[in-house]
Structure formats: structure tokens, C-alpha cells
Amino acid sequence: MIHPILLCGGSGTRLWPLSRKSYPKQFAKLMSEESLFQASARRLSGDGFAAPVIVTGDPFRFIVTEQLAQVELAAQGILIEPEGRNTAPAILASALWLAKTDPEALMLVAPSDHVIPDTAAFIATIQAAVPRAQAGDLVTFGITPTRPETGYGYLELAEGSNAGATSPQALARFVEKPDAVRASEMLESGSFLWNAGIFLFTAQAIVAAFETHAPEMVEAVHAALSAATADLGFTRLDPVAWGKACNISIDYAIMEKADNLSVIPFGGGWSDLGGWDAVWLESQPDEHGNVCSENATSIDCSDTLLRSETDGVQLVGIGLENIIAIAMGDAVLVADKSQAQRVKEAVDALKTQGVVQAVQLPKDYRPWGWYESLVVGGRFQVKRIVVNPGAALSLQSHHHRSEHWIVVEGTAKVTVDDAVQLLSENQSVYIPLGAIHRMENPGKVPMVLIEVQTGSYLGEDDIIRYQDVYARN
């Protein structure tokens, strides 16, 4: 039985403005009607696979469970990182968690934001790597390169190894992202593979590797797991102990030091969608090299990506060549395709300016559903709020604002102090300042309402919670 370990951290800034810190790319529907996370979970499910172990951050814990439920899957464990510390501590935590019940458990560690179209070929490659992993090797997956890519790290095969083999091969070393000249040389040599960041090993083997090469991390992560707390089915790692773990990738911490490594080549399609240029490539451009989303139109363009990510926002490109244009309701990105890897610079610049769009999507996802601000004024705000069937907001009050709720779809169960009532479409209720109130959806379909806030302060931190089914402080 193989235990998938899906890493769900990261902010995906190179796919801004669609991917932001509040809702990173793994949860977005970039390539299909499934999110990248959902596709990853479904790919590693079925015969021969245990339920996945998810490692993620606190803001995404309910997004993870909701998206798994949408594809009829459930996790065997969800580990909550108090803060992102890169891949090494996350992988070690999952290994120690599994080793408590089965030290020889096979772990397939995979990022949750990759695209692998040929699932059958990938599963066959995983199965071919199992014997070497069971024998104690740390097996990494190398992608057969198709172009001189400068955005990936590489794996150099040992002398005598075969880049086209279907079984694990000896690995010479890990290679940093090259410049264009070096990338071309490596492609031509035929002895290099792209580093996919996917690994197969036993829990026992990887823990032993950490004990040898990073013993101080074992102490910190073990303490974080030992002092972890259970919270609504999640395992919250202890923040004090976790903070003592080094912020480092698994490549630097272990893989570049271990002597029991092997690599298995994978010749099927693969992309980490590390930039909009990768999205353009994986989206199968038309005969003119263009990719257009549903709300985008191309006129006399070539080699161009046009995506409108917001209903009601039409994006039109005229006479463009080698351009990326991404439109959302609150932000627009326009860049030369050759500069796609510099989008992170733009996000950093926006952060420096204090621009909220750098990190926050217009939609704010919550465990009960989501909301978006439609209009914001000096002393008022209008929101659209969508509450999932059976979900409920916390019982709460506000110091600085009153609210007016108008139901536009579904049925709302509303509590205002001691009064409880059901509201259907076109009905409304007023929530006075200071009133203790709650909104619930007792129905079988999503409930949508318009909220009008008025007051001297409209921030989300003006919430006093008395009860909350999601155990939020």
C-alpha cells in the first residue's frame, strides 16, 4: 500500500493575479473543472493507494476538506503547519506521523499543484520504483526534458545510467536551475532529467536519513508532533517546537547528502505550472499559438495567452505577439511571455506598496462558504455572501457596525439576539450594532444573500465570536 503525501503549502506567486496567498494555485481551476489539488488527490487514489496525508497551513484546512469531498475522497490525516518551513520539515512530519503505526509504510511525496495528464503511465512508473524504495533507497522522479528549460532544477544521471529506462537508475547529483546555454548543453547530453520534486521511500528510510544528515530537525519536528493538538479532525503541530525546525527544502537538507539515492525517469507529460508561460504551453495553443479563456477574444494575435478569470469581464487582445494578459475584477497582468518568471517581482513590489491585491483575492473563502466585497465606501460596504448547504457562520456581534441582510437565493435561518426566523428569497432582516446574531443555511442548495454594512469601522477583525462550529478563535 502506497501512502500519498500531498504538500499543500506555498503561495504560487508566479501565477498572480489568479494565485494569491489567500488562495494559492493548487486550489484554483487552472486547467479543468477540477483544481490542481483535486486532480492530484484523485490521481493518487484507488487500488494500491491509501487515503492521502495532507500537509497544509491553517488558512487552507477547510478548503482541503471541502475540495476532497467534492471529488468523493477523504484524507487519513491532515497536518497543520503553524508556519511554512519549506518541504523538509513537512515531509519529516508526515514520515514521523506514519511511522508511529507503520515504520515501513511507503510514502509517495508529491506537490499538489502539478499537471500529469497520463495518469496510467505515471502509476506504472510509481509501481516500477516500489522495489527499490522497499529496499531502502530514496527514489526521486526525473522528467525526461523536452526543451532547454531554465525554470527547473535538474538531476544528473550517474555514468552508465539510462535516461530512457523504465526502472530506477543511479543518480550522480542534483543540479541548480541553469542558464539558457547550460540548459541547452544538458538537454543535448541526454544524461539529465528535470527534478520533479516527487519522491518514493519508506517512512523508516527517510527518518533515518534525517537522523544522519539533519538530526536537529528530527528533534524539533518530533517535539512538534508529540505536542500536537487535535482540532476537528486536523492535527495541529505545536508552533513553538515547529518554529525551531530549519526552513529548508528536502533537496538541500537530505537529497544532496544521502548516498542511497536513485532516480526513475518518467517520459510522460508533466508540468509544475511554475508560470503563465507554462500554463500557455500546457493549454495546447491553437494554430496561431494562442490560448483564450471563455471570456477572452483574440484578433490578429500570435503566441499569446488571454485569460479572463472573472465573469462579466471581457478581455480582448488585438495584434499581440508573445503576450500574457490575465484579467480579474480587481487586478490585471500584462507581460511579455519571455518575462513570465518575473511575476513574483511584481507581487513583491505590490506588497511593498501595501496593495491588498498582492495577497488577497476578491473572494474570501471561509469554512462555511465565501464572500466578496461588491462596493466599499467610507462608512459602508456591500458584500455578496454564499453559505454552503448545512453550514453556519459563528454566533457573533460587532462593536462598530450594523448590518442589513437580503436573501436572494435559498433560505436563511437567522438568529438576532433571542429571535430566530427563516428568511426566503426577497426577504430581509436588520442586525443592529451590538446585537448577537448568526446566519445558517438549513437547505440543500447554496444560500446567497447581499449584506449591507454601515458603521465607523468595517474590518473583519471587528467580530466577537461566542460560538463557532469550526472552532475558530
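Residues numbered from 1 in each chain as written. Predicted model: local features only at pLDDT ≥ 70, side-chain atom pairs only at ≥ 80, totals over all residues. Heavy atoms only, no water.

Asks: Just give me the short version of the side chain of D272, but keep the residues and values in it.
Replies: By secondary structure assignment, the location of D272 is in the loop between β11 (261-266) and α10 (276-282). R14 provides the closest opposite charge to the buried, unpaired D272, separated from it by 4.7 Å. Polar side-chain contacts of D272 include one of 3.0 Å to the backbone nitrogen of G274. When near neighbours in sequence (up to four residues on either side) are disregarded, D272 contacts K25, D113, H114 and Y152. (Helix = DSSP H or I, 4+ residues; strand = E, 2+ residues; numbered from the N terminus. Buried < 20%, exposed > 50% of the residue type's maximum accessible area, 1.4 Å probe, protein only. Lys, Arg positive; Asp, Glu negative; His and termini not counted. Salt bridge = Lys/Arg side-chain N within 4 Å of Asp/Glu carboxyl O. Polar contact = N/O pair within 3.5 Å; in protein donor to acceptor, adjacent residues only side chain to side chain. Contact = heavy atoms within 4.5 Å.)

Asks: Would you mind going over the domain arrangement of the protein in detail, with residue names and values included?
Replies: Many descriptions give the size of an interface as the accessible area lost when the pieces come together. Here the protein is partitioned into domain 1 (2-266), domain 2 (276-351) and domain 3 (363-467). Placing a centre on the C-alpha atoms of domain 1 and another on those of domain 3 gives a separation of 39 Å. (Domains from an automatic or database assignment.)

Asks: Explain empty space enclosed by the protein to me, and be specific about the residues and the numbers.
Replies: Which parts of space are left empty comes out when a probe the size of a water molecule is rolled across the atoms. Under the defined criterion, the tally for this structure stands at two cavities of 30 Å³ or more. What the largest cavity holds in volume is close to 190 Å³. For the largest cavity, the lining is made up of 21 residues, of which W368, L393, Q396, E460 and I463 are closest to its centre. Of all the secondary-structure elements, those providing two or more residues to the lining of the largest cavity are β20 (380-387), β22 (401-409), β26 (437-440) and β27 (447-455). Residues belonging to the lining of the largest cavity are distributed by class as follows: seven nonpolar, five polar and nine charged. What lines the second largest cavity is simply L6, S40, R43, L44, A110, P111, H114, I116, F122 and I198. For the lining of the second largest cavity, the elements supplying multiple residues, two or more each, are α1 (36-43) and β4 (106-111). A per-class count over the lining of the second largest cavity returns seven nonpolar, two polar and one charged. (1 Å grid on protein atoms, 1.4 Å probe; cavity = no way out; pocket = protein on both sides within 12 Å on 5 of 7 lines; lining within 4 Å. Points joined across faces, edges and corners; volume = space filled by probe spheres on them. Nonpolar A, V, L, I, M, F, W, Y, C, P; charged D, E, K, R; others polar.)

Asks: Run through the sheet that holds strand β19 (residues 369-376), naming residues and quoting values.
Replies: Read across the open sheet, the six strands follow the order β18-β19-β20-β27-β22-β25; overall the sheet is antiparallel. Each of the sheet's edge strands pairs with one partner strand only, and the pair in question is β18 (363-366) and β25 (428-431). Across the sheet, the mean angle separating the axes of adjacent strands is 20° when strand polarity is ignored. As paired strands, β18 and β19 are joined by four bridges and run antiparallel to one another. What sits directly across from D364, in β19, is Y371. (Pairing = 2+ DSSP bridges. Axes fitted to C-alpha atoms, helices over the stretch in contact; angles between N-to-C directions.)

Asks: Describe the layout of surface pockets, with residues and values.
Replies: Put simply, the second largest pocket is a space of about 1400 Å³. Mapped onto the lining of the second largest pocket, the elements with two or more residues apiece are α2 (61-70), β12 (291-292), β14 (305-308), β18 and β19. For the lining of the second largest pocket, a count of residues per class yields 13 nonpolar, 14 polar and twelve charged.

Asks: With reference to specific residues and values, describe the pairing of strand β1 (residues 2-7).
Replies: Within β1, six of the six residues are buried, which leaves the element mostly enclosed by the surrounding structure. By the alternation rule, side chains of β1 split into I2, P4 and L6 and H3, I5 and L7, which are all buried. Inspection of the sheet shows β1 paired to β4 by six bridges, in the parallel sense. Among the inter-strand pairings, I5 is bridged to a residue of β4, identified as V109. Bridging between β1 and strand β2 (residues 53-57) involves three bridges; their strand directions are parallel. Across the sheet, residue I5 finds its bridge partner in β2, namely V53. Between the parallel pair β1 and β2, the chain is carried across by α1, and the sense of this crossover is right-handed. (Right-handed = clockwise from strand over helix to strand, strands pointing away.)

Asks: Please set out the environment of A50 residue by residue, giving values where relevant.
Replies: Its location among the elements puts A50 in the loop between α1 and β2. In sequence terms A50 and M1 are 49 residues apart; their C-alpha atoms lie 6.2 Å from each other. Those residues in contact with A50, other than ones at most four positions away along the chain, are M1, I2, H3, P4, L44 and Q76.

Asks: Which residues make up the nonpolar core, and what values do they have?
Replies: Counting 88 residues, the largest nonpolar core has L108, F141, I198, L200 and W276 as its most contacted members. Once you skip the residues sitting within four places of it in the chain, L200 turns out to touch I2, L106, M107, L108, I126, A129, V130, A133, D137, L138, V139 and F141. Grouped together as the second largest cluster of nonpolar side chains are 50 residues, L155, A209, M255 and A258 included. (Core = buried A, V, L, I, M, F, W, Y, C linked by side-chain atoms within 4.5 Å.)

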